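Below are the chains, spelled out letter by letter.
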Amino acid sequence: MSLYSLNINGATRQVEAAPETPLLWVLRDQLELPGTKFACGVGTCGACTVLLNGVPARACMTPISTVGRKQVLTIEGLDPNGAHPLQKAWQELDVPQCGYCQSGQIMTAAALLKENPNPSDAEIDDAMAGNLCRCATYVRIRAGIHRAAEITAKQKEGT
Amino acid sequence: MKPDPDLSTPNTGPDRRSFMRQSLLGGSGLVLGFYLQPLGAADVIVKPGATAGFKPNAFIHISEQGVVTLVSKQPEIGQGIKTSLPMVIAEELEVNWKDVRIVQGDLDPAYGGQSAGGSTSTPNNYNNFLKLGATARTMLIQAAAQTWQVSVSECVAANSAVQHLHSQRSLGYGQLAAKAATLPVPAADAVQLKNPKDYKLLGTRIGGVDNLAIVTGKPLFGIDVRLPGMLYAVYEKCPAFGGKVISANLEAIKALPGVRDAFVIDGTNNLNGLMPGVAIVAETTWAAMSARRQLKVNWDEGAVVKQSWDGFVAQAQSLSKQPGSVPLRKDGDPAGAFAAAAKTVEAAYSYPFISHASFEPQNCTAWYRDGALELWAPTQNPAAGQNLVASTLGIAKEKITLHIIRSGGGFGRRLSADYIVEAAAIAQRVGAPVKLTWSREDDLRHDHYRAGGFHFLRGALDGKGQLTAWHNHFVTFANRIMRDGQSVLQPGSGASLSGDEFPGRWVANCLLEQTPMECGIPMGPWRAPGSNVFAWVFHSFIDELAHAAGRDPLEFRLELLGNKDIQSGTGERGVPYNVARMRKVLTEVAAKADWGRKKFPRGQGQGIAFHFSHRGYVAEVAEVTVTKAGELKVDRVVVVTDIGSQIVNLSGAENQVQGSVIDGLGTLMFAELDIERGRIVQRNFSDYPLLRFADAPTRIDVHFVKSDQPVTGLGEPAFPPLAPAVCNAIFAATGKRVRQLPLSRTDLSWR
């Protein structure tokens, strides 16, 4: 067991864990941040997506010993009140069915919109290819990303 | 879990339990035990006896502050029932939706049936829920009329208030709650329901009540349950189904970091119950999972190791040459009709075992203390969990409390209770609350599968191209079970054909028969059981017959359906089939998709199919492009459904149809399990792929046809017609007929 000092959602959090422990389980069991989900455990589904220094990463495949001082952003840190354009769009368009994959979808989409504020369907399909939705809400997720892009553009006009 | 101000998240603290228990005792106007303010406000606990609320039944409470709390009794698995059924009450209650808070009910006899399966939650509850809301509204109006000393006929309820029409006086529901609580509850049939024309909420688009919690990552699902002092468990079962533990390196496992205990559970012979295995209990999920990698179990794998998919394929081929062992239907003179046919078409269709792959792996939290068991289960069928635990572990049902927690997908998987009884059996050995979490590999390799199957079909056409005879020999799968002291073969869920399955009842000379093959593979209901694949088989073969007859596939189907409006059920499970409703959705979908009016180049085409299941009538048209290299793209799907007189939540209904279409496509394209040596070969999404973004159709047009029929559910009926519509479109585009699932088994390339 080793002691790690992590930067999670802008705060420093200390945890004791074995070095190979995936960030996923540190978040869920030790830091009480269960928004990051376990679904495959082998990096194929995207349910556990978090941002490491703004880049989507699979928390289930990220040993805690490799996180260092990287900024970890989880769904809980995106906007706790649900006011991020993606969170707003997801509610407005009623995207979820079971909802289990949606935190991972939103985190991947958040990184996409930072890079590409107005992605096409093909660009969305490409960027989101690593995120599975078993309920198959893909059509609404695409629409949700377009809507979030609109909300962001309007917010920028307003400032 | 910590108490959360959001009532729509599962709150599993003791106060919540006392709320539910007190509600059990509730007569009219009984004081509530526990209460929370709306989202974002500070927690306010209304102490028992301190204040009254209005509680005309187990599902509705109105506080004196005007907060309306509705209990959602059905399990939420992604079908949207936690939003839609409370909407039914709210409509009749004349309450503003923004004033409503929803709490998930526990398993409780006060609520009646609570199983979410077979798209039954809506039809089983819709009319009662209208009456519940109307009853409360009636009492609130009476309370207002008494307060003002006027006649009830002068008062109307709207927007969470009662208004006196002449004087324009108004009292909010909160202001009326205390008085309403003193009034006798009128008989359900004495209250007046609204005219559906006046509905303000039903049929509109309402977002899921848990959406905010979902998009902000709040603890919401079974796997998120957290209790003080909780331990974490994993459970290893034999990879070959039904295998028993001979020995395991338990002492070595117990010595690993973070491990608290490791032990063998003997289990039972019930393939859908508590199977033998080894439990590891640890301080974190990861400690348990890590320790499991060191686990060495010596298994007695039993005779199931002789079973393989290839073996079943060969057995089915051989059985197809004999008459079926179970006759299902014989009408007219099939042999004579085939002998007299102008043309006979023969084809064999087959499909593999598939998994539910619900996204949240199976899990359950259990706490056994003082001879009583408390369960937190993401389940579709909480009563089944309670019953299986009671019968397997010998705990009286009254001693088992079950909290229904939101499920990360169901698809029928969580109608089974194996993971619940496993958690309970582990908790019995551990003096602390314990959460059992399955890995994805556990989930894929220990599912209760949708059975594979083989259909050997023949159809006869006369000189005018009319279908004169239909013969299907269905070779299917069954488990050997003991029933009433007898060893019997029981076909898997959805793995038995009804003698009334379309086109049985419609073809004058019809022979339906089936032969079950014994297997040791656990099977269970999978979204639209039976229908999810029968529709593909029958509507693909009907398409073959239409083309063989040189006729338009729509026109051929309309002729087959005929002019009778109702086709009575005849078989044991037969139900009347409303042919008029099916003709309507079929002609509507053809019109919306411009069937027969569009010209497609080679490599593109349209396909059509319809299916009746779960009280829903659905027809679909798919438009596809198949590249010369054989790559499929579904460009558009048009869906027309008739699920009765009222759509409850338009947003949720459309979401279910869109999801069914894409789930149908993913299942068609990819879903396949292989069986070798009595076990599943696949392990994870790397070798059991699910559909990803790029394969999702670009456009799905969803249309609802309203009929004067009872309102029904939509979790399943839009799924079955998708696969045949797509395969029939593939045929139109390429001339290639898909007779084996998944699609990846068929070369679709063309020149």
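Parameters and conventions
Residues numbered from 1 in each chain as written. Chains lettered and ligands numbered in written order. Predicted model: local features only at pLDDT ≥ 70, side-chain atom pairs only at ≥ 80, totals over all residues. Helix = DSSP H or I, 4+ residues; strand = E, 2+ residues; numbered from the N terminus. Rg over C-alpha atoms; globule rule 2.2 N^0.38 Å. Buried ≥ 20, exposed ≤ 12 C-beta atoms within 10 Å, placed from the backbone. Contact = placed C-beta atoms within 7 Å. Domains from an automatic or database assignment. Nonpolar A, V, L, I, M, F, W, Y, C, P; charged D, E, K, R; others polar. Pairing = 2+ DSSP bridges. Axes fitted to C-alpha atoms, helices over the stretch in contact; angles between N-to-C directions. Parallel < 35°, antiparallel > 145°, perpendicular 65-115°, else oblique. Left-handed = near helix turned anticlockwise from the far one by under 90°. Core = buried A, V, L, I, M, F, W, Y, C linked by C-beta atoms within 7 Å.

Peer 1: I would appreciate a short explanation of the overall build of chain A in the present structure.
Peer 2: Counting its secondary structure elements, chain A contains six helices and five strands. Helices and strands in chain A line up, N terminus first, as β-β-α-β-β-β-α-α-α-α-α. Relative to the compact-globule value of 15 Å for 159 residues, chain A shows a C-alpha radius of gyration of 16 Å, a close match. Counting only C-alpha atoms, chain A reaches 45 × 35 × 25 Å along its principal axes. Going through the 159 residues of chain A one by one, you find that 57% of them count as buried. Sequence-distant contacts, at least 24 apart, represent 60% of the contacts inside chain A between residues at least 6 apart.

Peer 1: I keep staring at the domain arrangement of chain A and nothing clicks. Help me out?
Peer 2: The extent of an interface is frequently quoted as the accessible surface area lost upon association of the parts. Residue and element names in this part refer to chain A. Taken domain by domain, chain A holds domain 1 (2-77) and domain 2 (85-158). A separation of 22 Å is found between the C-alpha centroids of domain 1 and domain 2. Taken together, the contact between domain 1 and domain 2 spans 14 residues of the former and 13 residues of the latter. Among the elements of the structure, strand 3 (49-52) and strand 4 (55-58) are those that each provide at least two residues to the side of domain 1 that touches domain 2. Among the elements that line the side of domain 1 that touches domain 2, the one with the most residues is strand 3, at three residues. Tallied by class, residues from the side of domain 1 that touches domain 2 come to eight nonpolar, five polar and one charged.

Peer 1: Would you explain the domain arrangement of chain B in this entry?
Peer 2: Residue and element names in this part refer to chain B. What the domain assignment reports for chain B is domain 1 (14-215), domain 2 (222-302 + 362-437) and domain 3 (309-353 + 449-745). Among the secondary structure elements, those contributing two or more residues to the side of domain 1 that touches domain 3 are helix 2 (81-93) and helix 3 (121-148). Grouping the amino acids of the side of domain 1 that touches domain 3 by side-chain chemistry returns seven nonpolar, 13 polar and one charged.

Peer 1: Is there a simple way to explain the sheet that holds strand 8 (residues 231-237) of chain B in this structure?
Peer 2: Pairing between sheet strands relies on hydrogen bonds along the backbone, with the strands arranged either parallel or antiparallel. Residues and elements named next belong to chain B. Judged by pairing direction, the sheet is mixed, and its seven strands sit side by side in the order 10-11-8-18-15-16-17 without closing on themselves. In the strand order of this sheet, the two ends are held by strand 10 (259-265) and strand 17 (400-404), each with one partner. Pairs of neighbouring strands in the sheet enclose a mean axial angle of 20°, with direction left out of account. Bridge count for strand 8 against strand 11 (residues 277-282) is six bridges, and the pairing is antiparallel.

Peer 1: Is there a simple way to think about the packing of helix 10 (residues 382-393) of chain B against helix 11 (residues 418-429) of chain B in this case?
Peer 2: For any two helices packed against each other, the geometry is given by the interaxial angle and the distance between the axes. Residues and elements named next belong to chain B. Look at helix 10 against helix 11: their axes get within 9 Å of each other, and the N-to-C directions meet at 45°. One finds that helix 10 runs oblique with respect to helix 11. For the pair helix 10 and helix 11, the sense of crossing is right-handed. Here Gly385, Leu388, Val389, Thr392 and Leu393 of helix 10 lie close against helix 11, whose contacting residues are Ile420, Val421, Ala424, Ala425 and Gln428. Along the lines of polarity and charge, the residues of the contact of helix 10 with helix 11 split into seven nonpolar, three polar and no charged.

Peer 1: Can you help me understand the environment of Cys238(B) in this one?
Peer 2: All names here are of chain B. Within the fold, Cys238 resides in the loop between strand 8 and strand 9 (244-248). On the neighbour-count criterion, Cys238 (24 C-beta atoms within 10 Å) is buried. Taking C-alpha positions, Cys238 is 9.1 Å from Val278, a pair spaced 40 residues apart along the chain. Here Cys238 is in contact with Gly243, Pro276, Trp299 and Glu301, once residues within four sequence places are set aside.

Peer 1: Would you mind going over the nonpolar core with me for this structure?
Peer 2: One broad trend across soluble globular proteins is that nonpolar side chains are buried collectively. Residue and element names in this part refer to chain B. Residues Ala233, Ile280 and Val726 are the most contacted members of the largest nonpolar core, which totals 276 residues. The biggest single contributor to this core is helix 3, with eleven residues. Apart from residues lying up to four places away in sequence, Ala233 is in contact with Ala279, Ile280, Val281, Ala288, Ile426, Val434, Lys435 and Leu436.

Peer 1: How should the sheet that holds strand 4 (residues 100-104) of chain B be read in this particular structure?
Peer 2: All names here are of chain B. With mixed pairing, four strands are arranged side by side in an open sheet as 1-2-3-4. Looking along the sheet, the strands with just one partner apiece sit at the ends: strand 1 (54-57) and strand 4. When the angles between neighbouring strand axes are averaged without regard to direction, this sheet yields 20°. Contacts from helix 4 (residues 173-180) reach strand 1, strand 2 (60-62) and strand 3 (68-72), with the element oriented near 110° to strand 2.

Peer 1: Looking at this structure, I do not really get the interface of chain B and chain A. What am I missing?
Peer 2: Contact with chain B, which involves 49 residues of that partner, is made by 47 residues of chain A. Within the residue set of the side of chain B that touches chain A, elements represented by two or more residues are helix 5 (211-215), helix 7 (285-293) and helix 16 (650-670) of chain B. Its residues placed into classes, the side of chain B that touches chain A shows 20 nonpolar, 20 polar and nine charged.

Peer 1: Which parts of the structure should I look at to understand the packing of helix 3 of chain B against helix 4 of chain B?
Peer 2: Residues and elements named next belong to chain B. Between helix 3 and helix 4, the least distance of the axes is 9 Å, while the angle of their chain directions is 90°. On the basis of their axis angle, the class for helix 3 and helix 4 is roughly perpendicular. Seen from helix 3, the contacting residues are Met139, Leu140, Ala143, Ala144, Gln146 and Thr147; seen from helix 4, they are Tyr173, Leu176, Lys179 and Ala180. In the contact of helix 3 with helix 4, the residues fall into seven nonpolar, two polar and one charged.

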